[in-house]
Amino acid sequence: MLRVAVIPGDGIGIEVSREATRVLERAITVFDLDIELDQWDVGAERFLRDGITLTDAEFRTLAEDRDAILLGALGDPRVKDESYVRDILLGLRLKLDLYINYRPCVLPDPSLCPLKDVPAEGIHLDIFRENTEGIYLNLGGVFREGMADEVAIQESVNTHRGVERIVRAAFQFAADRGRPSVTLVDKANAMPIEGALWRRVFDVVAQDYPEVAQNTMYVDAMAMDLVRRPERYSVLVTSNLFGDIISDLAAELTGGLGLAPSANIHPGRHALFEPVHGSAPDIAGLGTANPIGAIRCAGLLLEYFGFEAAAVAVETTVALSIREGQTTADLGGARSTQQVGEWICDNLDATMPSTQPA
Ligand code: ATP
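Cut-off values and rules
- Residues numbered from 1 in each chain as written.
- Predicted model: local features only at pLDDT ≥ 70, side-chain atom pairs only at ≥ 80, totals over all residues.
- Heavy atoms only, no water.
- Near = heavy atom within 4 Å.
- Polar contact = N/O pair within 3.5 Å; in protein donor to acceptor, adjacent residues only side chain to side chain.
- Helix = DSSP H or I, 4+ residues; strand = E, 2+ residues; numbered from the N terminus.
- Expected span 1.5 Å × (residues − 1).
- Pairing = 2+ DSSP bridges.
- Axes fitted to C-alpha atoms, helices over the stretch in contact; angles between N-to-C directions.
- Core = buried A, V, L, I, M, F, W, Y, C linked by side-chain atoms within 4.5 Å.
- Buried < 20%, exposed > 50% of the residue type's maximum accessible area, 1.4 Å probe, protein only.
- Domains from an automatic or database assignment.
- Phe/Tyr/Trp six-rings, centres within 6.5 Å; stacked < 30°, edge-to-face > 60°.
- Lys NZ or Arg CZ within 6 Å of the ring centre and 35° of its normal.

**Student:** Help me understand the site of the ligand, please; the structure alone is not making it clear to me.
**Tutor:** In the vicinity of the ligand, the contacting residues are I12, L257, G258, H277, G278, S279, A280, D282, I283, A289, N290 and D330. Contact between the ligand and N290: a nitrogen atom at 2.9 Å from a main-chain N or O atom of the residue.

**Student:** It is not clear to me how helix 1 (residues 12-30) should be interpreted in this structure. Could you clarify?
**Tutor:** Note that an α-helix has 3.6 residues per turn; residues three or four places apart therefore point the same way. With 19 residues, helix 1 extends 27 Å from end C-alpha to end C-alpha; this agrees with the ideal 27 Å at 1.5 Å per step. Directly beyond the C-terminal end of helix 1, a positive phi value near 50° is found at D32.

**Student:** Quick question: what am I supposed to make of the sheet that holds strand 2 (residues 35-39) here?
**Tutor:** Within a sheet, each strand pairs with its neighbour through backbone hydrogen bonds, oriented either parallel or antiparallel. The strand order 2-1-3-12-11-4-5-10-8-9 describes an open sheet built from ten strands, whose pairing is mixed. Of all strands in the sheet, those bounded by a partner on one side alone are strand 2 and strand 9 (213-218). Put simply, the sheet's adjacent strands are angled 20° from each other on average, direction ignored. Of the strand pairs in this sheet, strand 1 (residues 2-9) and strand 3 (residues 68-73) are connected by five bridges, and their pairing is parallel. Bridging from a neighbouring strand, A5 pairs with I69 of strand 3.

**Student:** Just to check I follow, could you spell out the nonpolar core for this structure?
**Tutor:** Note that soluble globular proteins tend to have their nonpolar side chains buried in a common cluster. Counting 86 residues, the largest nonpolar core has F128, V167, F171, V182, V237, F273 and L302 as its most contacted members. Each of domain 1 (1-102 + 256-358) and domain 2 (114-253) accounts for three or more of the residues forming this core.

**Student:** How should I be thinking about the packing of aromatic side chains in this particular structure?
**Tutor:** For any pair of aromatic rings, the description rests on two quantities: the centre-to-centre distance and the angle between the ring planes. One pass over the full model with this rule turns up eight aromatic pairs. Here F171 and F202 contribute two aromatic rings whose centre-to-centre distance is 5.3 Å and whose plane-to-plane angle is 45°, an arrangement assigned as tilted. Note that F171 is positioned in helix 5 (residues 160-177) and F202 in helix 6 (residues 192-206), a separation of 31 residues in sequence. Take F171 and F202: they sit in the same class, and that class is buried. Through a chain of ring-to-ring contacts, the aromatic side chains of Y102, F128 and F173 assemble into a single cluster. One Lys or Arg, K95, reaches over the ring of F59 and ends 4.5 Å from the middle of that ring. Lying across the ring of Y218, K187 places its NZ or CZ 5.8 Å from the centre.

Take a look at the structure:
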């Protein structure tokens, strides 16, 4: 039995989570999967009501009694101090040591690519972003704050263990999936201290995967090349900061924010799946949010836990919904969040007739 906690969160997170849950429940029925879902009231509403983010007991339950978390989005303009988002999201990422931020960027239909010349081969990038170190640990300090000679120092933390495990995860993924190459994205020319560690570890780990080609690329050159010839790249591995930026670019090349899923993983221990987009307060409550990023998160969850046929059905049906124009306004369609979710549910078994129960 796989136990999944659903945390809808705030804003459109609540709306897209509803559709991801709908699709996941449908997949559980159609494919007869041993998965149990439960909904968690965590987010701004509760914080405003009770002043609670996530209690220690709740964290323990999530860590010990749930195998995975399916998150909508967190963030609410009514809560001026967004430290509650950091408390919950970064707390979960760091305390559960979810060191892999995996973002698959696959172009589901050429019409969604903003490039003038869409590569005939399509675009398929798998980004492995280090998720627990780098410059996002908030280490450093300010000296003479507010004065003309103020000094602000933000440290970037890179450990051998941290680099090794994310690089190995990227190579292992490439080897398991038959992906042709792994590219290390860094800035080793201008940041040679951390760059040297990443490159040394990358070279050593690569020797264990002779069947996978290895390259290195400076992040600025990569930003250019992803726009010029994204079809050249396959698996990318990079730091927390560069991964954040490169994966937004890659998401935009493959259909935009509304479509992009992500997974935060510690293999064998825990996993948290969340769409790349935020809570989008500007469209919250309108029923226009694109639920596909969240639905694809459900697909990623199924794939990660080995429910291959169900995962393929979700991805196939999502692509079909786009081809059939069953889309929300961000993709040029006129369907509501709920209509897109229902369409994908209704067509989930139709796309995989051989897997329907008798
Ligand atoms: P965060 O800091 O939490 O990432 P943000 O405001 O920077 O939040 P989003 O909340 O992701 O970013 O929204 C950015 C823009 O993209 C907004 O204009 C929003 O309406 C739009 N957007 C985000 N997600 C979706 C979606 N699922 N469907 C349609 N539009 C979306």
